[in-house]
Amino acid sequence: MSGETGGCQCGAVRFEVTGELGRASICHCRMCQKAFGSFYGPFVSVKVADLEWTRGERKRFASSNKVDRGFCGACGTPLTFEWSSKVIDLAIGAFDDPAPIRPVVQMALESAPPWVAELPGLPVKTPEEEAQMQAFQADIVSRQHPDHDTAEWPPAS
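All values derive from a computational prediction rather than experimental measurement.

Colleague: How would you explain the pattern of salt bridges if you had to name every residue and give the values?
Modeller: Using the criterion set out here, one finds four salt bridges in the structure. Between R60 and E82 there is a salt bridge, with its nearest N and O atoms 2.9 Å apart. Of this pair, R60 sits in strand β6 (residues 59-62) while E82 sits in strand β8 (residues 78-82), and the two are 22 residues apart along the sequence. Judged by its relative accessible area of 15%, E82 is buried.

The structure is reproduced here in structure tokens:
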């Protein structure tokens, strides 16, 4: 897989990976939990030489003495885990099409909430509940950048 694009939620920061994607992982450490505001951080590694920032620049936070975390300064979307001068990890959810990027390893499971393994067994909404949710969402106007590159963002109109 190459030529993959992605970026933050507001569209201020965009990237393209021109080479092959590396190992995709899920990290459950507390730093990743805090950085994503979630149960874990999903990442895929790429060579720095194969990564081009096509719009804007990410901000960085030195979350430790060994790692910088990149994010959008405008909307806060987590983008990177930077631990090497040759390899950078990109947030899988920041890709325009994250579905093919399948994690192959989990790390720091000792920090995972004990119920994370039970998530697939949670009940799902009934068709009636889904219909109510779709009715609520029908008139939402998204300000999120679309899942593809744009010549400009936000649109002039």
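On we go from here.
Colleague: Quick rundown of the sheet that holds strand β5 (residues 51-55)? Include the residues and the values.
Modeller: Where strands meet in a sheet, backbone hydrogen bonds hold them as pairs that are either parallel or antiparallel. Strand order in this open sheet of three strands is β1-β2-β5, and the pairing throughout is antiparallel. The open sheet has two edge strands with one neighbour each: β1 (4-7) and β5. Adjacent strand axes in the sheet meet at a mean angle of 25° when their direction is disregarded. Alignment of β1 against strand β2 (residues 14-17), held across four bridges, turns out to be antiparallel. Each residue of the ladder has a partner; that of G6, found in β2, is F15.

Colleague: Give a description of the nonpolar core that names residues and reports values.
Modeller: If you look at soluble globular proteins, the nonpolar side chains tend to sit buried side by side. Of all hydrophobic cores here, the largest spans 18 residues; its most connected members are V17 and F95. Those elements that provide at least two residues to this core are β2, β4 (41-47) and β9 (87-91). The element that contributes the greatest number of residues to this core is β9, accounting for three residues. In this structure, C27, C32, F43 and A108 belong to the second largest nonpolar core, which totals six residues.

Rules and cut-offs
- Residues numbered from 1 in each chain as written.
- Predicted model: local features only at pLDDT ≥ 70, side-chain atom pairs only at ≥ 80, totals over all residues.
- Heavy atoms only, no water.
- Salt bridge = Lys/Arg side-chain N within 4 Å of Asp/Glu carboxyl O.
- Helix = DSSP H or I, 4+ residues; strand = E, 2+ residues; numbered from the N terminus.
- Buried < 20%, exposed > 50% of the residue type's maximum accessible area, 1.4 Å probe, protein only.
- Pairing = 2+ DSSP bridges.
- Axes fitted to C-alpha atoms, helices over the stretch in contact; angles between N-to-C directions.
- Core = buried A, V, L, I, M, F, W, Y, C linked by side-chain atoms within 4.5 Å.

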